Amino acid sequence: MTTLLCAIFFLSGASALLFETLWFNQAGLVFGNSVWASSLVLAAFMAGLAVGNGVVARYGSLITRPVRFYAGLEGVIALTGVLLVVGLPSLVPILTPVLGPVIEVPWAANAIRLTVGFAVLLVPSTAMGATLPILVKALLARDENFGSVLGRLYGWNTLGAVVGAVAGEAALLAWLGVRGSALVAGSVNLVVAAVAFALSDRFVPAGRVSADHEATSLVSPTARRLLSAAFLSGFALLALEVVWFRFLLLFVHGTSLVFSAMLGVVLTGIALGGLAAGRVLRARPDAYWLAPLLSLLSGAVIVALYATFALLPERESYTAGWLETAKYSAALMLIPAFLSGAVFTCIGTALEREVAPPTRAAGWMTLWNTLGSGLGSLAGGFVLLPLLGIERSFFAAAAAYLLVAWLALPAAIGARGRLGRAGWALAAAGLASLAFFPFGLMEGTFLHRSIGHYLQGGVRAIAAVDEGRTETVVLLDSEFLGQHLDHVLVTNGHSMSSSGREARRYMKLYVVLPNAFEPEPRQALLISYGVGNTARALVDTPSLERIDVVDISREILEMSSVIHPEPGSNPLDDPRVHVHIEDGRYYLQTTDRRYDLITGEPPPPKNAGVVNLYTREYFQLSHDRLTEDGIHTYWLPIHGLTVEDARSIVSAYCEVFSDCSLWNGTAGDWMLVGSRGRSWDVSDADFGAAWRDPERLPALREIALEHPEQLAATFLADSRQLRAFVDGAPPLVDDFPKRLSHHLPDRAALWPDFAPWVDAADARRRFQESAFVREALSPELRERALPWFEAQRVLNDHTAAGYRFVTRDADAVARDLDWMLRETELSTLVLWGLGTDVNRVTLAENARPTKQQIVYVLQQQALHAFVRRDWEEAVRLLRNVAARGQSGPALVELQLYALCAADRQDEAASIARFAIRKQPTPKLTTGVWRWARESCGLDMLPAGEASEVGGQEH
């Protein structure tokens, strides 16, 4: 019977964790997923657990049939748990009138969140909190060893939580959705309730009820210290869990499955620790004296594992695998979590010696431990990490465990009479771990290891680090000729945004494209800020009167002043910009503003919590906040999606925006576009207005949009054509978030599935067949746009190679450059093909180079001469480069091309002969030699030798 009771408590733990996951997910839809909203909902839940603990501590002795009472608790959890999952989203229209007026008053909005969260979670969380102490009372009817009972129940319930955490994320949510998973959890609770009810007559305390009821519990000094130890141990573990997770996110991809793996490791450790302590206490009931020793060991182990984490094999990039994440997590967290579970059981056993009856001891123990846990989770995110950072937070947690040992010491000495040699040794080890804490590892090792694949062999350097409430933000800076070139924003080890040329192109396209169809927008909303590329495009739109920027991270917004230090360069300083530190979805729910343009730079959709920004319900919120004829644009990052993922997102989008269309930012970054009932027809004059504005034209040229027809050539598909892509895929919806898989695909392997949609020839055909295009663009503009699909092909090939979708053949690069130089007047794409860009050329023109840097300035000036088609200047500059000792295949190729283009074939032949004499099989691009022979008339090589001469280096 005892085993059966533990088994159903195991199932109860699985159901409880599954319910918690579902409640927090649904609460995020109602209150938002900002750090404040999430933390306050967690605080409300923990407060409910504490109420349950306190109720049993106060009135548990009055319960004569504890297992029957427990069965009732499980029934309450089942009923209210399912009702919460189903009913929480329906609170949105009720709360919106209340939250809307205070959206600009954070303290008021947060007070409402906490109050409502506590109210709706009170009943199920209180019932959950009461289960452990009431079952302790029940099991004591068969086993009077309090420590054994507490450890066994605590351990099995926590092991069940591991199953709930993993099963929900790995299977149930994908198979059954949110509501279906809630029904499974509720059904498990009902089964537990039924079995408990059947067992209830076998667990009736005999002859102790009246005595328990009459017992008084004057709290002794030792009991107060033990309760303080219970509080502090819960505080330290939950604060440490926050710090552990933040630290591990530097090395693992933060998907919800990865979070479940990390949580599963912590819970497994706690459970095993509780079970192990229970077995020890069964054999030695006075073994609770181990509590201070285990706490001392915990502090030392936390420091040791942090120090030795650097010994783990270094990965080229972070992982998103569940098993790999579990290995990383176990190396850091499993042993301290095990010790924490054992400490909980030992402190509870010691408390039972000081507090009567046992039910009250169990209730108080869980009450104070739960209160500490709730405050610890808040302190970890809001105090420790922002004020101390990850490394010093580890130090603080280790010190807290030493304080737990001091608080538990009198009870241990009372049981054993002395601390013992082992105790003194562990005390010395704990103090030594603090005295010799490895400060500097974070900055000197872990931070660089986590972002090493972004540093690119020293090309980039760390410009700023901010360990804030929501993430660890690292800003990387690239320099060229001693001057700033661009930034990469890395959060929790993941590149979130960049001011590099390709990133600027697709992020600014979110504004450039809708602005071509609506030249005079007045109100705009940007969801997520990044490094400010899209915000800059909005600020550069002169007709805009108000720009609302919503981002969940204060740290990212504050980093903007570092990214844009020059006066007037920071988009957030524009007087039209209004910043809201809030969850984007919550903002859409509560604001009453309407916008002509809504766009966004959200984090990658597979990051934990971000899926709510890609569902049909989110797109509907965006649609409803648009003005009549308003336009919505959104990022579709196919480089991080499987085909099924992309189909589900597009299906959700097109169910909301019936006029949806798809456009090409870069090969891996597409853009969805829709409107609220817009008539898309636009005049040629309006479509090309930005290109006639001398203040806006440079920014357009910089992102390889030198002509309005190039913008039209970014078209990929309209709504009818997208249905072929969707192919009947179910839409991504709030109830089925796992339609967006956890899998991070291999880019090269998936590219063949996406390539037909980005293929320029296919896109041109769809452009010609599209009813949307015929409605939107004039016949003349459509005709002028057709040749520019070839330029789009060049850009696609360039960016596909950058995303490692494909390996670009050097001959193809040479052919593309030759075509652009001869057949077009393009400049930006030519620079990209030559391995440079407008920014580098500009920096070279304005540089005051050192002697060592002069050659790099000359190289950039020569490439700029190529763009201008100033072949004589290019020849002069390249000769100057060669005269300064520079050599190599690339320089020879450029000289050949410039000389031939300048009709200086004799000199070109001389350069070629010299290259062949120097290296009989020079590593030159085959295409360049072929071009030199066919177009320039250089016949020093027989036609058959061309393939033998060339290599693949460029």
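Attention here is on the structure that accompanies the text. Every value quoted in this text rests on a predicted model; they were computed, and no experiment measured them.

Looking only at helices and strands, the protein features 38 helices and 14 strands. In terms of C-alpha radius of gyration, the protein reaches 33 Å, essentially the compact-globule figure of 30 Å for 954 residues. Scored against the burial criterion, the 954 residues of the protein give a buried share of 61%. Residue pairs in contact within the protein that sit at least 24 positions apart in sequence constitute 78% of those at least 6 positions apart. Averaging the positions of the 79 positive and the 92 negative side-chain charges in the protein gives two centres separated by 8 Å.

Once that is clear, we can look at the side chain of Arg 782. In this fold, Arg 782 is placed in helix α28 (residues 779-785). Here Arg 782 occupies a buried position and makes no salt bridge, while the nearest side chain of opposite charge, Glu 783, is found at 7.2 Å. Other than its neighbours up to four places away in sequence, Arg 782 contacts Phe 767, Val 773, Arg 774 and Leu 777.

The tally for this structure, following the rule as stated, stands at 48 aromatic pairs. Judged by centre distance (5.5 Å) and plane angle (90°), the rings of Phe 395 and Phe 437 are edge-to-face. One end of the pair, Phe 395, is in helix α12 (residues 358-416); the other, Phe 437, is in the loop between α13 (420-435) and α14 (441-455), and 42 residues separate them in sequence. The partly exposed category is assigned to Phe 395, whose relative accessible area is 27%. A relative accessible area of 6% means that Phe 437 is categorised as buried. One aromatic cluster in this structure is built from Phe 247, Phe 251, Tyr 306, Phe 309, Tyr 328, Phe 394, Phe 395, Phe 437, Phe 439 and Phe 446. Over the face of the ring belonging to Trp 406 we find Arg 225, whose NZ or CZ atom lies 4.1 Å from the ring centre. The ring of Trp 680 is capped by Arg 678, whose NZ or CZ atom sits 5.9 Å from the centre of that ring.

What follows is about helix α32 (residues 838-846). Residues of α32 that are buried: Asn 839, Val 841, Leu 843 and Ala 844. Against the buried residues of α32 lie β2 (472-480), β3 (483-491), α15 (501-517), α22 (697-702), α31 (828-833) and α33 (854-868).

Compared with an ideal rise of 1.5 Å per residue, which puts 34 residues at 50 Å, helix α5 (residues 106-139) spans 47 Å between its outermost C-alpha atoms and is within 8% of the ideal. Where α5 bends most, the angle comes to about 60°, and this point is Leu 122, followed within four residues by the proline Pro 124. Burial runs high along α5: 24 of the 34 residues are buried.

Peptide bonds are, in most cases, trans, and in most cases residues other than glycine have a negative phi. In this model, Ala 356 is joined to Pro 357 through a cis peptide bond whose omega is -5°. Its identity is not glycine, yet Ser 528 carries a phi of approximately 85°, on the positive side. On the basis of relative accessibility, which here comes to 10%, the residue Ser 528 falls in the buried class. One non-glycine residue, Asp 727, adopts positive backbone phi at about 55°. Its place among the elements puts Asp 727 in the loop between α24 (719-726) and α25 (747-758).

Right, let's get into the pattern of salt bridges. Summed over all chains, the structure comprises 35 salt bridges. Residues Glu 628 and Arg 676 are paired through a salt bridge, measuring 3.4 Å at the closest nitrogen-oxygen approach. Taken together, the residues span a long stretch of sequence, with Glu 628 in strand β9 (residues 626-636) and Arg 676 in the loop between β11 (669-675) and α21 (684-687) at a distance of 48 residues. Residue Arg 676 is classed as buried on the basis of its relative accessible area, which comes to 18%. As a salt-bridge pair, Glu 873 and Arg 876 come within 2.7 Å of each other at their nearest N and O atoms.

This part takes up the state of the cysteines. Using the criterion set out here, one finds one disulfide in the structure. A disulfide bridge connects Cys 654 with Cys 660, and the sulfur atoms are separated by 2.1 Å. The disulfide joining Cys 654 to Cys 660 has a torsion of about 105° about its S-S bond and is therefore right-handed. Here Cys 346 is not cross-linked by a disulfide; its sulfur's nearest cysteine counterpart is in Cys 6, at 18 Å.

Among the six residues of strand β8 (residues 595-600), six are classified as buried, and the element is accordingly described as predominantly covered. Bridge count between strand β5 (residues 523-527) and β8: four bridges; the pairing is parallel. Along β8, the bridge assignment pairs Ala 524 with Leu 597. Where β8 lies against β9, three bridges are found, and the strand directions are parallel. From the neighbouring strand, Ile 598 faces β9, where its bridge partner is His 632. For the crossover that starts at β8, traverses helix α19 (residues 616-624) and ends in the parallel β9, the hand is right-handed.

Attention now moves to the sheet that holds β9. With mixed pairing, eight strands are arranged side by side in an open sheet as β7-β6-β5-β8-β9-β11-β10-β12. The open sheet has two edge strands with one neighbour each: β7 (577-581) and β12 (715-717). For this sheet the average axis-to-axis angle between neighbouring strands, irrespective of direction, equals 20°. Together, β8, β9, β10 (661-666) and β11 form the strand contacts of α15, whose direction differs from that of β10 by roughly 145°.

The four strands are arranged β1-β2-β3-β4 in an open sheet whose pairing can be described as antiparallel. Among the strands making up the open sheet, the edge pair consists of β1 (460-467) and β4 (494-498). Averaged over all neighbouring strand pairs, the angle between strand axes comes to 30°, with direction disregarded. In this sheet, β4 lies alongside β3 in antiparallel orientation, the contact comprising four bridges. Pairing of Val 488 across the sheet is with Ser 498, part of β4. Where α14 meets the sheet, it contacts β1, β2, β3 and β4, and its direction lies at approximately 120° from that of β1.

Two elements in contact, α5 and helix α6 (residues 146-199), have axes separated by 10 Å at closest approach and are oriented at 135°. Taken as axis vectors, α5 and α6 run oblique relative to one another. For the pair α5 and α6, the crossing hand works out as right-handed. Facing α5, whose interface residues are Leu 132, Leu 135, Val 136 and Leu 139, α6 presents Phe 146, Val 149, Leu 150, Leu 153 and Tyr 154.

Turning our eyes to something else, we now look at the nonpolar core. One broad trend across soluble globular proteins is that nonpolar side chains are buried collectively. Phe 247, Phe 394, Phe 517, Leu 777 and Phe 866 are the most contacted members of the largest nonpolar core, which totals 283 residues. For this core, the element with the most residues is α12, which contributes 18 residues. For Phe 394, the contacting residues outside a window of four places in its chain are Leu 240, Val 243, Trp 244, Phe 247, Ile 302, Tyr 306 and Phe 437. Counting residues in hydrophobic clusters, the runner-up holds 15 residues, among them Ala 524, Leu 526, Ile 547 and Val 577.

Moving on: the pairing of β9. Burial runs high along β9: nine of the 11 residues are buried. Examined bridge by bridge, β9 and β11 share six bridges and lie antiparallel to one another. Counted as the bridge partner of Ile 631 is Ser 675 from β11.

Attention now goes to a nonpolar patch on the surface. Side chains of Val 51, Val 55, Tyr 59, Leu 62 and Phe 118 sit close together on the surface and give an oily, nonpolar patch of about 410 Å² of accessible area. Sorting elements by how many residues they give to the nonpolar patch places helix α2 (residues 35-59) first, with three residues. Take Phe 118: it is sitting in helix α5.

Reading guide: rules and limits
- Residue positions within a chain follow its written sequence, with the count starting from 1.
- Local features in this predicted model are restricted to residues of pLDDT 70 or higher, and side-chain atom pairs are both shown and tallied only at a pLDDT of 80 or more, whereas totals for entire chains, interfaces and linings draw on every residue.
- Computation of side-chain values covers all heavy atoms of the structure but excludes hydrogens and water.
- Each helix is a run of DSSP H or I of at least 4 residues and each strand a run of E of at least 2, with the numbering of both proceeding from the N terminus.
- Each radius of gyration is computed over the set of C-alpha atoms, and the globule rule expresses the reference value as 2.2 Å times the number of residues to the power 0.38.
- Each residue gets one of three labels from its accessible area relative to the maximum for its type: buried under 20%, exposed over 50%, partly exposed in between, using a 1.4 Å probe on protein chains only.
- A contact between two residues is defined here by any heavy atoms of the two lying within 4.5 Å.
- Neither His nor the chain termini are counted; the positive set is Lys and Arg, and the negative set is Asp and Glu.
- A charge is said to be at NZ when it belongs to Lys, at CZ for Arg, at CG for Asp and at CD for Glu.
- Salt bridges are identified by distance alone: a Lys or Arg side-chain nitrogen within 4 Å of an Asp or Glu carboxyl oxygen.
- Pairing of aromatic rings covers Phe, Tyr and the six-membered ring of Trp, with a centre-to-centre limit of 6.5 Å; geometry is then stacked below 30 degrees between planes, edge-to-face above 60, and tilted otherwise.
- Only when the NZ atom of a Lys or the CZ atom of an Arg is both within 6 Å of the ring centre and within 35 degrees of the ring normal do we say a charge sits over the ring.
- What a helix is expected to span follows from its residue count: subtract one and scale by 1.5 Å.
- Axes are fitted to the seven residues ending at a residue and to the seven starting at it; the angle between these axes is taken as the bend at that residue.
- Any two cysteine sulfur atoms within 2.5 Å of one another count as a disulfide.
- Any two strands with at least two DSSP bridges between them are considered paired.
- Handedness of a crossover is defined as follows: with both strands directed away from the viewer, a clockwise route from the first strand across the helix to the second makes it right-handed.
- Axes here refer to lines fitted to C-alpha atoms; in helices the fit is confined to the stretch in contact. Angles between the N-to-C directions go from 0 to 180 degrees.
- Reported orientations rely on four angle classes, namely roughly parallel under 35 degrees, roughly antiparallel over 145, roughly perpendicular from 65 to 115, and oblique for the rest.
- Helix crossings get a hand from a simple test, with the near helix turned counterclockwise from the far one by less than a right angle marking a left-handed crossing and a clockwise turn marking a right-handed one.
- Buried residues of nine kinds, namely Ala, Val, Leu, Ile, Met, Phe, Trp, Tyr and Cys, make up a nonpolar core once their side-chain atoms join them within 4.5 Å.
- Note on patches: the residues involved have over 30% relative accessible area and no salt bridge, like charges join within 9 Å, and the nonpolar side chains Val, Leu, Ile, Met, Phe, Trp and Tyr join within 5 Å.
- In short, Shrake-Rupley with a 1.4 Å probe defines the accessible areas, and a residue's cover is counted only from the protein chains shown.

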